[in-house]
Amino acid sequence: NFDNEYVYDICEEDKILIAKLVLVESIGECYVGKVAVAANPINRYFSECTWFERESMYAVITQEYQFADISNITIEDLEEYPECLMAVEDACKGWDPTRAVFENGALFFYNPKKISGYQAQIREGIKVMVIGNHNFHENFDKIEVEE
């Protein structure tokens, strides 16, 4: 599962930020889903994609309209859910479950039961990988369907 090509030396402060994101975005999800969520901001940070604020991990995680708000999550909350930090550690060691479908890992994820309107429309017909209640994807390109 681990790919040494994707080992990331991320400071403890950034790991905590990512763990807070894992907690708010994937509470109740399977462990594989938590690791995939942890890998997502790491993929964004190390991508060349100009859509993302990439000057710091904090900027990636707090970019407007991208992820759930982590400002109310405390260290005590993380201590109650140690698997969140474990998922971050595994992602930093090179495990990204979404690389099974997307060569460089997914850059986006969403819960299809919790989106509507424009957010649902822009995702119609795109290639996704389903893990738990989340759909992961690398872009918004429509899949060509053979007639």
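To be clear, the structure that these remarks concern was listed above.
Computed from a prediction, not measured in an experiment: that's the story for all the values here.

Chemist: Would you explain the overall build of the protein in this entry?
Modeler: In terms of helices and strands, the protein carries 6 helices and 3 strands. Helices (α) and strands (β) of the protein occur, in sequence order from the N terminus, as α-α-α-α-α-β-α-β-β. For a compact globule of 147 residues, the expected C-alpha radius of gyration is about 15 Å, and the protein comes in at 15 Å, within 12% of that figure. Overall, the protein is about 50 × 35 × 30 Å in size when its C-alpha atoms are taken along their principal axes. Per-residue burial over the protein gives 46% buried out of 147 residues.

Chemist: Please explain the sheet that holds strand β1 (residues 108-110) as it appears in this structure.
Modeler: By way of backbone hydrogen bonds, the strands of a sheet pair with one another, either parallel or antiparallel. With antiparallel pairing, the 3 strands of this open sheet are ordered in space as β1-β3-β2. With one partner strand each, in any of the chains shown, β1 and β2 (129-131) form the two edges of the open sheet. Direction aside, neighbouring strands of the sheet carry axes that sit 25° apart on average. Bridge analysis of β1 against strand β3 (residues 134-137) gives 3 bridges, and the strand direction is antiparallel. Paired with Tyr110 across the two strands is Asn135, which belongs to β3. On top of the sheet, helix α2 (residues 31-46) reaches β1, β2 and β3; it is set at about 35° to β3, its chief contact.

Chemist: Even after reading the chapter, I still don't get the packing of aromatic side chains, so can you show me in this structure?
Modeler: Two aromatic rings are characterised by how far apart their centres lie and by the angle between their planes. Following the criterion strictly, the structure yields 9 aromatic pairs and no others. Between Phe52 and Phe108, the aromatic rings sit 5.6 Å apart at their centres with planes inclined by 50°, giving tilted as the arrangement. Of this pair, Phe52 sits in the loop between α2 and α3 (57-62) while Phe108 is found in strand β1, placing the two residues 56 residues apart along the sequence. We classify Phe52 as buried; its relative accessible area is 7%. Judged by centre distance (5.6 Å) and plane angle (35°), the rings of Phe109 and Phe136 are tilted. Here Phe109 is found in strand β1, whereas its partner Phe136 is found in strand β3, with 27 residues between them in sequence. Comparing Phe109 with Phe136 shows no difference in burial state: the two are buried. These aromatic residues form a ring-pair network of at least three members: Trp51, Phe52, Phe108 and Phe140. One Lys or Arg, Arg123, reaches over the ring of Tyr110 and ends 4.6 Å from the middle of that ring.

Definitions and limits used
Counting from 1, residues in each chain are numbered in the order their sequence is written. Reporting in this predicted model follows two pLDDT cut-offs: at least 70 for local features of residues, and 80 or more for side-chain atom pairs to be given and counted; totals over whole chains, interfaces and linings ignore these cut-offs and use all residues. With hydrogens and water excluded, all non-hydrogen atoms of the structure serve as input to the side-chain values. Helix and strand labels come from DSSP, where a helix needs a run of H or I of at least four residues and a strand needs a run of E of at least two; each type is numbered from the N terminus. C-alpha atoms define the radius of gyration in this analysis, and the globule rule sets the expected value at 2.2 Å times the number of residues to the power 0.38. Partly exposed residues are those whose accessible area sits between 20% and 50% of the maximum for their type, while under 20% is buried and over 50% is exposed, using a 1.4 Å probe and protein chains only. Between any two strands, at least two bridges found by DSSP are needed for them to pair. Simply put, an axis is a line fit to the C-alpha atoms, just over the touching stretch for a helix, and the angle between two N-to-C directions goes from 0 to 180 degrees. Contacts between residues were defined by any pair of non-hydrogen atoms, one from each residue, lying within 4.5 Å. Planes of paired rings set the category: under 30 degrees apart is stacked, over 60 is edge-to-face and the rest tilted, where pairs are Phe, Tyr or Trp rings (Trp by its six-membered ring) whose centres lie within 6.5 Å. Note on criteria: charge over ring means Lys NZ or Arg CZ within 6 Å of the ring centre, with the direction from the centre no more than 35 degrees off the ring normal.

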